[in-house]
Amino acid sequence: MNPQYQYDIFVIGGGSGGLTVVDEAQRLGKRVGLADYIKPSPHGTQWGTGGTCPNVGCIPKKLMHMTALIGEIRHELAATGWQGVDPHSKHNWNTLVNEVQRQVKGINKANDDWLVTTNGITYYNKLGKLKDDHTIELIDKDGQSEFVTAEYIVIAVGSRPSFPTDIPNVKQLTITSDDLFSLKNAPGKTLVVGASYVALECAGFLTGLGYDVTVMVRSILLRGFDQEVAERIGEFMKISGTKFIRGTIPSSIEDVDGKRLVKWVLNGQEQSEVFDTVLLAIGRSADTQNLGLEQVGVQTNKESGKIIANDADSTSVSNIFAIGDCVQGRLELTPTAIMCGKRLIKRLYQNGNQIMEYSDVSTTVFTPLEYGCVGYSEEAATKKFGKENLKIFTSEFTPLFWNFANRKGTCYAKLIVKKDDDVVIGFHYLGPDAAEVTQGFGVVIKLKAKKSDLDNVVGIHPSVAEELVQMQTWK
Ligand code: FAD
Ligand code: NDP
């Protein structure tokens, strides 16, 4: 412990990454400080402790997604002999929001209790700002400042939804995921702008809850993901009732009697439609303005605001580290921020030498037909190894229960295998419970299993996952 400083380590930002650092460091008996402060959205939405994931990200999103999936079952109950359930029964938005917020507040309270009662942690519900390389200014909601010092500083301030710069009053006329999960009034007829994780997940569950939903796609669906699978997701969403307008962006959004008149240009023609709600999901920007980074010499990408850190999470100032969504080139996922924080503390205090590896991270897009993947997409593998050096195994299948209950659509799986050594370098699964199925295959890919290893696995029958160890057809 260096008595020169009040804290051994001070964390700015108490989300997935920041809280992990706090937890790991306090377990080692370090004097830990944390500043976490939520700047309200343009609509004034605010939330409690825990960062994006439990408040306005993974958790409320998954609860709404699951609610929409439960709704699907209404249509299948009659086909399987259940009586007295109206397949056209309506969903109540307020009940869902209240229940979701009850869950969220439970997580907030657990975090609050832990932060306040744990020895070694001092929690400030204040905005943190770097003053010099060992001093942090803490600013409360009334603008009052205090200063603290620390040997190490970790910046984990996350990201916030981006807005286009060329649409007047766009922040007032649209909402983002920061507002959606606590929205007081049902969104009604909704335009979702964007075509990646947030846009497709939100469009999926809003359609499932019974709203008239259109997705406006600038270019492709799910950039960076396997495009054959991405297109299948789009097709499945269309079957479920989501509409798509492809190849354009809004040119203007106006308020007309409380509704939103959206105009866009497609094939040289101006088109327009009125919506109740416009949900922007066009990516997220690092929350690094006014952090005092420049003043202290922490380098950022001038365009994105993201902090530049090396593989060991060091910024351009040696005792200042940065982890999670606010760092350039990192996967913006909760488990990556958590593992990054754990490894950082191990390296700082326990002679650890492992850095966070961002390759072969499993992920799932929680669209109505869920998509789990790990490793290379077909496009990325082809670019890196050449088409002639790959075997692409595919399988289209219908789960037993879907056939039984007359559910429309099919599931899909793809394995990408290197011809020279038979190693599976890409796994893609589009079907029920994708996160649960994909987590196990994450281990398979990490261990560099061969296709012949999968062929030696006896499947579990009847299941959807057995399809993945029986794939024999290759493109
Ligand atoms: P955050 O969790 O964003 O935490 C940063 C914290 O710092 C916030 O509390 C912020 O208010 C605070 N802060 C900012 N500036 C300051 C300051 N100057 N002083 C003090 N505090 C400050 N990931 C998944 O893995 N699975 C999912 O299913 C998933 N779903 C998502 C759904 C949505 C709608 C969104 C938006 C994201 C989702 N994510 C998901 C991504 C995941 O939530 C983020 O990658 C993760 O929360 C990033 O953690 P972090 O610690 O970097 O930042
Ligand atoms: P992304 O950065 O992943 O995607 C942004 C989307 O918006 C792209 O489709 C992009 O299109 C489009 N876009 C960008 N600018 C504009 C514009 N001006 N007008 C119209 N469309 C535009 O952002 P998300 O917000 O979807 O997600 C942020 C991150 O959060 C993800 O990368 C993910 O890591 C994390 N997340 C994880 C989830 C999970 O694990 N299930 C769920 C939700 C979020 P184009 O392709 O043309 O650039």
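Keep in mind the model is a prediction, meaning the values are calculated, not measured.

Enquirer: Would you mind going over the environment of Leu183 with me for this structure?
Expert: Along the chain, Leu183 falls in the loop between helix 6 (177-180) and strand 8 (190-193). Distance from Leu183 to Thr52, taken between C-alpha atoms, is 16 Å for residues 131 residues apart in sequence.

Enquirer: I would appreciate a short explanation of the UniProt feature "domain: Pyridine nucleotide-disulphide oxidoreductase dimerisation" (unreviewed entry) in the protein chain in the present structure.
Expert: Under the feature "domain: Pyridine nucleotide-disulphide oxidoreductase dimerisation" (unreviewed entry), the UniProt entry names residues 361-471. In this annotation, residues 361-471 is assigned 28% helix and 28% strand; the end-to-end C-alpha distance for the span is 22 Å.

Enquirer: Quick question: what am I supposed to make of the site of ligand 2 here?
Expert: What surrounds ligand 2 is a group of 21 residues, the closest being Glu201, Ser219, Arg223, Glu332 and Thr364. Val198 places a main-chain nitrogen or oxygen 3.0 Å from an oxygen atom of ligand 2. Protein coverage of the free-state accessible area of ligand 2, which is 920 Å², stands at 79%. If you list the elements that add at least two residues to the shell around ligand 2, you get helix 7 (197-208) and strand 17 (363-365). For the shell around ligand 2, the element with the most residues is helix 7, which contributes 3 residues.

Enquirer: Can you help me understand helix 1 (residues 16-27) in this one?
Expert: Three or four residues apart is the spacing at which side chains of an α-helix point the same way, because the helix has 3.6 residues per turn. Here helix 1 contains 12 residues, and its C-alpha end-to-end distance of 17 Å stays within 8% of the 16 Å for a straight helix at 1.5 Å per residue. Burial analysis of helix 1 places 11 of its 12 residues in the buried class, the great majority of the element. Those residues of helix 1 that fall on the buried side of the exposure criterion are Ser16, Gly17, Gly18, Leu19, Thr20, Val21, Val22, Asp23, Glu24, Ala25 and Gln26. The positive-phi residue at the C-terminal boundary of helix 1 is Gly29, with phi of around 80°.

Enquirer: Help me understand the sheet that holds strand 9 (residues 213-217) in this model?
Expert: Paired through backbone hydrogen bonds, the strands of a sheet run either parallel or antiparallel to each other. Taken in spatial order, the 4 strands line up as 10-9-8-14 in an open sheet, and their pairing is parallel. Each edge of the open sheet is held by one strand with a lone partner, namely strand 10 (243-246) and strand 14 (277-280). With strand direction ignored, the average angle separating the axes of adjacent strands in the sheet is 20°. Sheet strands touched by helix 7: strand 8, strand 9, strand 10 and strand 14. Its angle to strand 9, the strand with the most contacts, is close to 165°.

Enquirer: Help me understand the domain arrangement of the protein chain in this model?
Expert: How big an interface is tends to be stated in terms of accessible area lost as the parts join. On domain assignment, one finds that the protein chain holds domain 1 (7-161 + 285-349), domain 2 (170-282) and domain 3 (370-474). Summing the contributions of domain 1 and of domain 3, the shared interface buries around 530 Å²; its carbon and sulfur component is 51%. Sorting the residues of domain 1 by area buried against domain 3 places Glu76, Ala79 and Thr80 first, and these three jointly supply 65% of that buried surface. Between domain 1 and domain 3 we count 1 salt bridge in total. The partner of Glu76 in a salt bridge is Arg407, with the nearest N and O atoms 2.5 Å apart. In the side of domain 1 that touches domain 3, the residues fall into 2 nonpolar, 2 polar and 3 charged.

Enquirer: Even after reading the chapter, I still don't get the site of ligand 1, so can you show me in this structure?
Expert: Lining the immediate surroundings of ligand 1 are 34 residues, of which Asp36, Thr52, Lys61, Gly128 and Asp325 lie closest. Contact distances for ligand 1 include 3.5 Å between a nitrogen atom and a backbone N or O atom of Cys58. Look at ligand 1: alone it shows 1,000 Å² of surface, and the protein chains cover 93% of it. Residue assignment for the shell around ligand 1 shows that the elements contributing at least two residues are helix 1, helix 2 (52-56), helix 3 (58-77), strand 4 (127-132) and helix 10 (334-349). Per-element accounting of the shell around ligand 1 gives the leading share, 3 residues, to helix 2. Of the residues belonging to the shell around ligand 1, the class tally is 14 nonpolar, 13 polar and 7 charged.

Thresholds applied
Residues numbered from 1 in each chain as written. Chains lettered and ligands numbered in written order. Predicted model: local features only at pLDDT ≥ 70, side-chain atom pairs only at ≥ 80, totals over all residues. Heavy atoms only, no water. Helix = DSSP H or I, 4+ residues; strand = E, 2+ residues; numbered from the N terminus. UniProt positions renumbered as here; feature names shortened; annotations may be inferred. Near = heavy atom within 4 Å. Polar contact = N/O pair within 3.5 Å; in protein donor to acceptor, adjacent residues only side chain to side chain. Areas by Shrake-Rupley, 256 points an atom, 1.4 Å probe, with all protein chains shown as cover. Expected span 1.5 Å × (residues − 1). Buried < 20%, exposed > 50% of the residue type's maximum accessible area, 1.4 Å probe, protein only. Pairing = 2+ DSSP bridges. Axes fitted to C-alpha atoms, helices over the stretch in contact; angles between N-to-C directions. Contact = heavy atoms within 4.5 Å. Domains from an automatic or database assignment. Buried area = accessible area lost by both parts, 1.4 Å probe. Salt bridge = Lys/Arg side-chain N within 4 Å of Asp/Glu carboxyl O. Nonpolar A, V, L, I, M, F, W, Y, C, P; charged D, E, K, R; others polar.

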